[in-house]
Amino acid sequence: MEPTDTSHPDYYHRVVDCQWACPAHTDVPEYIRLIAQGRFTDAYMVNRHSNVFPGILGRVCDRPCEPACRRGRIEQKPVAICRLKRVAADHRDEVSGRLPKIPRLKNGKRIVCIGAGCASLTVANDLMPLGYEVTILEQYGEPGGLMRTNIPSFRLPATVLNEEIGMIVDMGVELRLNTKVESMRELLAHGGFDAVFVGSGAPKGKELALPGRAEGAANIHIGIAWLESVAFGHIDKIGKRVLIIGVGNTAMDCCRTSLRLGADSVKVMARKPRGFFKASEWELEDAEEESVQIVVNRSPKAFVIENGRLTGMRFDKMHYELDAQGRISAERIVGEEFLPADDVILAIGQENAFPWIERDLGIQFDKWDVPLIDAVTFQSTRPGVFFGGDAAFGPKNIIWAVEHGHQAAISIHRHCQGEAVQERLPPGMNLQSRKMGMHEWSYANDYTPVERRLMPHVSLKERFKKLNIEVELGFTAEQVEQEVQRCLNCDVQTVFTAKLCIECDACLDICPVDCLTITHNGAEAELRQRLKAPAKNLDQPLFVSAGLPQTGRVMVKDEDLCVHCGLCAERCPTAAWDMQKSELRWPLAADEAGALEARKPKIA
């Protein structure tokens with residue numbers, strides 16, 4: 001195998017999986033170390049640099065980082081990365097003085113964002129410090145988009161939402177509430193804006209065209225519209241027996257909200273087995289804890305109407321056969337079932353909806369009526385018009401929308417400065433030794449066997465008394481202290497310098513997981529057969545050194561097994577091993593602005 005280039009950002013990519021799994025690339029190990037030191041405000045600011053909404057995402061993020069956490073390779077359950085964001089947010093001090101400074105002298109460029117959701121707010125957060133004037137147009141009376149309308153207050157309190165949105169709006173953003181955009185043509189012709197960002201979400205819930213739909217319309221609701229009505233106080237009750245059709249995260253919010261509005265029996269109807277659910281596992285667990293029944297293998301067949309009123313639904317009972325990979329290879333109907341219901345909520349997906357964008361403006365749409373957006377620049381086929389969040393590629397989650405906003409802000413800045421939007425700064429990486437003495441490191445390198453802490457919840461008796469009682473209480477101080485120690489410090493790398501190695505085997509002897517092997521080089525498949533411990537994870541590349549000076553053999557490391565304990569570096573008599581912190585530099589709009597400014601000719 002070729003020697004591994006530890007100076008390349010891909011080295012970091014291979015190791016700190018939690019950061020690269022997060023679309024916004026949050027520096028997870030760094031903010032966890034700061035929390036361990038009790039520096040909650042510093043941790044909050046490290047988090048906010050990339051994910052913008054630590055308090056919000058610390059409660060409701062879809063957690064793409066946690067399945068990638070390398071702690072999960074050791075004991076299945078990853079570090080509670082998401083909930084530690086909340087710890088920093090809940091215990092921080094005032095941060096207004098540490099937010100980016102907004103220049104009094106503007107740069108003369110005006111940007112408009114349509115929709116006051118997470119993507120638009122991120123665009124404003126990134127562009128306001130560069131001197132742009134940013135206007136956000138929001139059709140409702142409060143900002144937040146789907147964060148406010150579709151995430152129930154028992155999961156995301158309004159106080160947290162308002163505070164973190166306020167940090168951005170208070171930068172000087174012109175927020176126009178109750179302002180619905182009716183025509184893109186009109187906005188482009190008379191708005192006077194230099195660029196347009198569309199962050200209007202995917203506001204259209206999918207329908208279920210079955211017999212009885214029209215007749216039972218009064219008691220058949222579209223999930224996202226129903227949650228929106230609950231959020232704004234237009235709906236405050238529901239029938240005693242409720243069926244939820246669909247099994248995504250919106251369905252989980254609908255079923256738990258139904259219980260708080262008076263339902264006695266709530267069933268979530270899933271067409272396929274549990275392994276095919278779109279809802280996060282923790283969302284399912286929270287719903288089932290509240291006695292929501294999840295019924296699998298039921299395909300909706302008809303709404304049953306009696307005397308002009310909905311009385312229930314008929315379902316086909318499904319049977320599925322799975323292949324060796326767990327995919328459905330065959331399905332058949334094995335029966336029929338009637339379930340009574342006073343109300344049915346449809347939570348089977350969301351769609352983009354752009355009736356206000358005229359189709360002759362140069363903004364092209366595909367056959368599904370979704371705009372054609374460049375996946376890197378987020379620019380549409382009309383220069384100067386950008387999309388992000390659910391409006392760009394359909395429903396995902398908040399952290400994806402934040403990253404869309406970051407990337408769109410870079411493009412908007414380059415567009416307004418007359419630069420090509422496709423040209424962008426590449427990610428970079430710095431490596432710096434953590435050595436403080438002969439055998440001391442500036443990070444805690446002990447392996448802690450403690451299991452993942454369980455999040456405390458409000459009791460079942462108390463949580464249903466009001467709609468806005470937050471169910472999750474947050475970690476206690478003791479739980480925080482234990483959970484942060486579970487982090488394996490994946491960003492502190494074992495960096496090997498082949499020319500210093502004397503092949504004494506001290507590192508091999510002391511390695512607690514046998515992740516190191518000194519052997520002759522060869523093809524990867526063959527090399528894997530000669531390792532001290534079997535390299536079972538073929539998705540994790542092996543790290544291979546240059547030839548060692550004594551024998552020409554190579555040092556091979558299986559990063560999948562390494563727990564970054566640093567014992568190899570402590571034991572090494574020649575300092576061939578070192579523990580170095582790798583800091584990923586993922587460019588934002590401010591970095592692009594600095595690079596463009598540096599290119600300008602200087603006047604002597």
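The shown structure was predicted, so the numbers you read here are calculated from the model rather than taken from an experiment. (Residues numbered from 1 in each chain as written. Predicted model: local features only at pLDDT ≥ 70, side-chain atom pairs only at ≥ 80, totals over all residues. Heavy atoms only, no water.)

**What to know about the packing of aromatic side chains**
Piece 1. As enumerated under the stated definition, the model contains seven aromatic pairs in all.
Piece 2. Taken together, a centroid distance of 5.4 Å and an interplanar angle of 45 degrees make the contact between Tyr140 and Phe232 tilted. Here Phe232 lies in the loop between helix H13 (223-231) and strand E7 (241-245) and Tyr140 lies in the loop between strand E2 (133-137) and helix H10 (146-149), a separation of 92 residues in the sequence.
Piece 3. According to the relative accessible area criterion, Tyr140 is partly exposed, its value standing at 24%.
Piece 4. Measuring from ring centre to ring centre gives 5.7 Å for Phe354 and Phe387, while their planes differ by 85 degrees; the resulting arrangement is edge-to-face. Note that Phe354 is positioned in the loop between strand E14 (350-351) and strand E15 (385-387) and Phe387 in strand E15, a separation of 33 residues in sequence.
Piece 5. Here the aromatic residues Phe354, Trp356, Phe365 and Phe387 are joined through ring pairs into a cluster of three or more.
Piece 6. The lysine or arginine in question, Arg260, covers the ring of Phe154, its NZ or CZ lying 3.9 Å from the ring centre.
Piece 7. The aromatic ring of Trp400 is capped on one face by Lys396, whose charged end is 3.9 Å from the ring centroid. (Phe/Tyr/Trp six-rings, centres within 6.5 Å; stacked < 30°, edge-to-face > 60°. Helix = DSSP H or I, 4+ residues; strand = E, 2+ residues; numbered from the N terminus. Buried < 20%, exposed > 50% of the residue type's maximum accessible area, 1.4 Å probe, protein only. Lys NZ or Arg CZ within 6 Å of the ring centre and 35° of its normal.)

**Description of the nonpolar core**
Piece 1. In terms of nonpolar packing, the biggest core is built from 66 residues, with Met184 and Phe387 touching the most fellow members.
Piece 2. With nine residues, helix H17 (residues 398-416) is the single largest residue contributor to this core.
Piece 3. Non-local contacts of Met184, meaning those with residues more than four positions away in its chain, are made with Ile114, Val196, Val198, Trp356, Ile357, Glu358, Leu361, Ile363 and Val385.
Piece 4. In this structure, Ala43, Ala88, Ala89 and Val95 belong to the second largest nonpolar core, which totals 31 residues. (Core = buried A, V, L, I, M, F, W, Y, C linked by side-chain atoms within 4.5 Å. Contact = heavy atoms within 4.5 Å.)

**Quick look at the sheet that holds strand E17 (residues 492-496)**
Piece 1. Pairing within the open sheet is antiparallel, and its three strands lie in the order E16-E21-E17. Both edges of this open sheet fall to strand E16 (428-433) and E17, since each of them pairs with a single strand only. On average, each strand axis in the sheet is tilted by 45 degrees relative to the strand beside it, whichever way the strands run.
Piece 2. As paired strands, E17 and strand E21 (residues 577-585) are joined by five bridges and run antiparallel to one another. Looking across to E21, one finds that Val492 is bridged to Lys581. (Pairing = 2+ DSSP bridges. Axes fitted to C-alpha atoms, helices over the stretch in contact; angles between N-to-C directions.)

**Digging into helix H3 (residues 28-36)**
The periodicity of an α-helix, 3.6 residues per turn, causes residues three or four positions apart to be oriented the same way.
Piece 1. In terms of burial, H3 is a largely internal element, seven of the nine residues being buried.
Piece 2. Listed in full, the buried residues belonging to H3 are Val28, Pro29, Tyr31, Ile32, Arg33, Leu34 and Ile35.
Piece 3. Its buried side turned inward, H3 meets helix H2 (17-21), helix H4 (40-51), helix H8 (81-91), helix H19 (477-484), E17 and E21.
Piece 4. Directly after H3, the chain includes Gly38, whose backbone phi takes a positive value near 75 degrees.

**Quick word on the sheet that holds strand E12 (residues 328-340)**
Piece 1. If you walk across this open sheet you meet the three strands as E10-E11-E12, and the pairing is antiparallel. Looking at the sheet topology across the chains shown, the edges are occupied by strand E10 (298-306) and E12. When strand polarity is set aside, the average angle formed by the axes of neighbouring strands in this sheet is 20 degrees.
Piece 2. The pairing of strand E11 (residues 309-322) with E12 spans eleven bridges and is classified as antiparallel. When the bridges of E12 are listed, Asp316 appears paired with Glu336.

**Brief notes about unusual backbone geometry**
Piece 1. The residue Glu503 is not glycine, and still its phi comes out positive at about 55 degrees.
Piece 2. Position of Glu503 among the secondary structure elements: in the loop between E17 and helix H20 (506-510).
Piece 3. Residue classification places Glu503 among the buried positions, given a relative accessible area of 12%.
Piece 4. With a phi close to 55 degrees, Asp514 is a non-glycine residue in the positive phi region.

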